[in-house]
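# Structural overview for review
What follows is each chain in one-letter form.
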Amino acid sequence: MTPDSEAALAEAVAGATGPLRIQGGGTRPIGQAKGEVLSTAGLTGIELYEPGALTLVAKAGTPVAEIEAALAQENQRLPFEPMDHRALLGTTGEPTIGGGVATNASGPRRIQAGACRDSLIGVRYVDGQGTVIKNGGRVMKNVTGYDLVKLMAGSHGTLGVLSEVGFKVLPGIEATATLVVHGLDAARAVAAMSKALGSPYEISGAAYLPEATKTVLRLEGFEASVTYRLKALRALLDGFGDMEELHGEASRDLWAATRDVTHFAGVAGDLWRISVKPSDAPEVLKFLPSDMRYSLDWGGGLIWAVVSEGADLRGGLGKFSGHATCLRGAARTFHPEPAALAAISQGLRAQFDPRRIFNTGLMG
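Attention in this report is confined to the structure presented alongside it. (Residues numbered from 1 in each chain as written. Predicted model: local features only at pLDDT ≥ 70, side-chain atom pairs only at ≥ 80, totals over all residues. Heavy atoms only, no water.)

## Some details on the overall build of the chain
Helix and strand content of the chain: 12 helices and 17 strands. A compact globule built from 364 residues should have a C-alpha radius of gyration of about 21 Å, and the chain, at 21 Å, falls within 12% of that. Its C-alpha atoms put the chain at 65 × 50 × 35 Å along the principal axes. In the chain, buried positions account for 50% of the 364 residues. In the chain, the proportion of contacts linking residues at least 24 apart, taken out of those at least 6 apart, comes to 71%. (Helix = DSSP H or I, 4+ residues; strand = E, 2+ residues; numbered from the N terminus. Rg over C-alpha atoms; globule rule 2.2 N^0.38 Å. Buried < 20%, exposed > 50% of the residue type's maximum accessible area, 1.4 Å probe, protein only. Contact = heavy atoms within 4.5 Å.)

## Digging into the nonpolar core
Leu-233, Trp-272, Ile-274 and Tyr-294 are the most contacted members of the largest nonpolar core, which totals 43 residues. Considering every element that reaches this core, the biggest residue donor is helix 8 (residues 186-197), with 6 residues. Non-local contacts of Trp-272, meaning those with residues more than four positions away in its chain, are made with Ile-303, Trp-304, Ala-305, Val-307, Ala-311, Asp-312, Leu-313, Arg-314, Ala-324, Thr-325, Cys-326 and Ala-331. Counting 25 residues, the second largest nonpolar core, distinct from the first, contains Leu-78, Val-101, Val-169 and Phe-352. (Core = buried A, V, L, I, M, F, W, Y, C linked by side-chain atoms within 4.5 Å.)

## Things to note about the pairing of strand 7 (residues 132-136)
Summarising the sheet, strand 6 (residues 120-126) and strand 7 pair through 5 bridges and their orientation is antiparallel. When the bridges of strand 7 are listed, Tyr-125 appears paired with Ile-133. The turn linking strand 6 back onto strand 7 is made up of 5 residues, and Gly-130 within it adopts a positive phi angle of 90°. (Pairing = 2+ DSSP bridges.)

## Regarding helix 8
Under the 1.5 Å per step criterion, the end-to-end length of helix 8 is 16 Å for 12 residues, consistent within 8% with the ideal 16 Å. Every buried residue of helix 8 is accounted for by Ala-186, Ala-189, Val-190, Ala-192, Met-193 and Ala-196. Taken down its axis, helix 8 places every buried residue within 160° of arc, on the same side. As for helix 8, its buried residues are in contact with strand 11 (203-209), strand 12 (214-221), helix 9 (223-236), helix 11 (281-286) and strand 15 (293-297). (Expected span 1.5 Å × (residues − 1). Arc of directions from axis to C-beta.)

## Quick notes on the environment of Gly-318
The residue Gly-318 is located in the loop between strand 16 (302-307) and strand 17 (322-328) in this model. Take Gly-318: its relative accessible area is 57%, and that puts it in the exposed class. Distance in space between the C-alpha atoms of Gly-318 and Phe-287 is 8.1 Å, their sequence separation being 31 residues.

## Points about the pairing of strand 14 (residues 270-276)
Of all 7 residues in strand 14, 7 are buried, a share of seventy percent or more. The side-chain alternation of strand 14 yields two buried faces, one formed by Asp-270, Trp-272, Ile-274 and Val-276 and the other by Leu-271, Arg-273 and Ser-275. Sheet analysis places strand 14 next to strand 16, joined by 6 bridges and oriented antiparallel. Residue pairing across strands places Arg-273 opposite Trp-304, the latter belonging to strand 16. Relative to strand 17, strand 14 runs antiparallel, the two being bridged by 6 bridges. Directly across from Trp-272, in strand 17, lies its bridge partner Cys-326.

## Describing the pattern of salt bridges
For side chains of opposite charge, pairing can occur when their charged atoms come near one another. Inspection of the entire model under this criterion finds 13 salt bridges. One salt bridge in this structure joins Arg-109 and Glu-81, with 3.8 Å as the shortest N-O distance. Highlighted residues: Arg-109 in the loop between helix 4 (97-102) and helix 5 (110-113) and Glu-81 in the loop between strand 5 (76-77) and helix 3 (86-89), separated in sequence by 28 residues. Glu-81 matches Arg-109 in its accessibility class, with the two residues each being buried. (Salt bridge = Lys/Arg side-chain N within 4 Å of Asp/Glu carboxyl O.)

## Quick word on helix 9
Its 14 residues give helix 9 an end-to-end C-alpha distance of 20 Å, which sits within 8% of 20 Å, the value for a rise of 1.5 Å per residue. All of the buried residues along helix 9 are Val-226, Arg-229, Leu-230, Ala-232 and Leu-233. Of the surrounding elements, those touching the buried residues of helix 9 are strand 10 (175-182), helix 8, strand 11, strand 12 and strand 13 (243-247).

## Things to note about the environment of Ala-331
Within the secondary structure layout, Ala-331 lies in the loop between strand 17 and helix 12 (339-352). Residues Ala-331 and Ala-177, spaced 154 residues apart in sequence, show a C-alpha to C-alpha distance of 39 Å. Setting aside chain neighbours within four positions, we find Ala-331 in contact with Trp-272, Asp-312, Arg-314 and Cys-326.

## Here we look at the sheet that holds strand 6
Read from one edge to the other, the open sheet built from 5 strands follows the order 3-4-8-6-7, with strand pairing classed as antiparallel. In this open sheet, the two strands that pair with only one neighbour each are strand 3 (46-50) and strand 7. Going from strand to strand, the sheet's axes swing by 10° on average, the running direction of each strand aside. Packed on one face of the sheet, helix 1 (residues 6-14) meets strand 6, strand 7 and strand 8 (161-168) and runs near 140° to strand 8. (Axes fitted to C-alpha atoms, helices over the stretch in contact; angles between N-to-C directions.)

## A few points about empty space enclosed by the protein
One pass over the structure, following the stated rule, counts 1 cavity of 30 Å³ or more. Approximately 40 Å³ is the volume found for the largest cavity. Taken together, Met-83, Ser-106, Gly-107, Pro-108, Thr-258, Arg-259, Arg-273, Asp-297, Leu-302 and Trp-304 form the lining of the largest cavity. For the lining of the largest cavity, the secondary-structure elements that each account for two or more residues are helix 10 (248-260) and strand 16. A class-by-class count of the residues in the lining of the largest cavity yields 4 nonpolar, 3 polar and 3 charged. (1 Å grid on protein atoms, 1.4 Å probe; cavity = no way out; pocket = protein on both sides within 12 Å on 5 of 7 lines; lining within 4 Å. Points joined across faces, edges and corners; volume = space filled by probe spheres on them. Nonpolar A, V, L, I, M, F, W, Y, C, P; charged D, E, K, R; others polar.)

Right, dumping it as structure tokens:
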């Protein structure tokens, strides 16, 4: 089913007699959701864009590329640098803005600008009864009571089907540069990233690519500011290792690849996404399979790992706080929740989707 209006979407949900598998562009197919496909790809178009107010509202099925093109014409951008999963998961189609919200898809800039949910200011969605719900607004200043906007981001279509999303946006970036530090192991790389992130130099990306033994740190902003901060950052990290600089297109290409984890495209094995406290990353790695391939983003707070089929990495977290998501493999997709949190989650689903028809089986 591919409804072409919010009313048709609500009618499809209300008339459903069995489970529905919610899908946007079909580029992020993780988990074991069951049921008839209900696609939001027919809900397209930018509903409102006010560059002066730094706000944009679009229907959920609108391609992310269309939104980014419209913003670029006004030298603006989405703050959270949405990830494109196609290379990593081997999918086709067009990533949609609703799918980005549903998965809270956030790129390397999250350490500076926050996640997708932090830029979200309003949503419209259809609940499990077929009722259209609106929360938030089309401006940044609004008072709405329960913050369902934040709740819907990252809910993976289990609480409702998004029909419209609204964002605050930011001005474009004049200049970008990347400082590359060569030859570090994971512990030294995390130490270098932590030192950079704790500095006043406004790092907007911090990642470690162990197969190339590169620790990469991104600076963005006005040309003069980037030049000054890059020089200061080099001095701050003096002694960590040999350094080189990437500017302009070379810097942008590196971070697009880091955002989309293209270094693991086509690599066989189970794919995991592990979130931990950045300072814990080197110790967590010691408890994970020695033959895995991995990289770090968010200063060490995000571990991407490819391991042999059937390996469950959750036991490796041990005493460390964090969670592991299996994006490709036989393991349960999402990390089991503590009992108290699981009770809250079940209560929310009972209210939002009392018939339990949305993405059945995805969250367990």
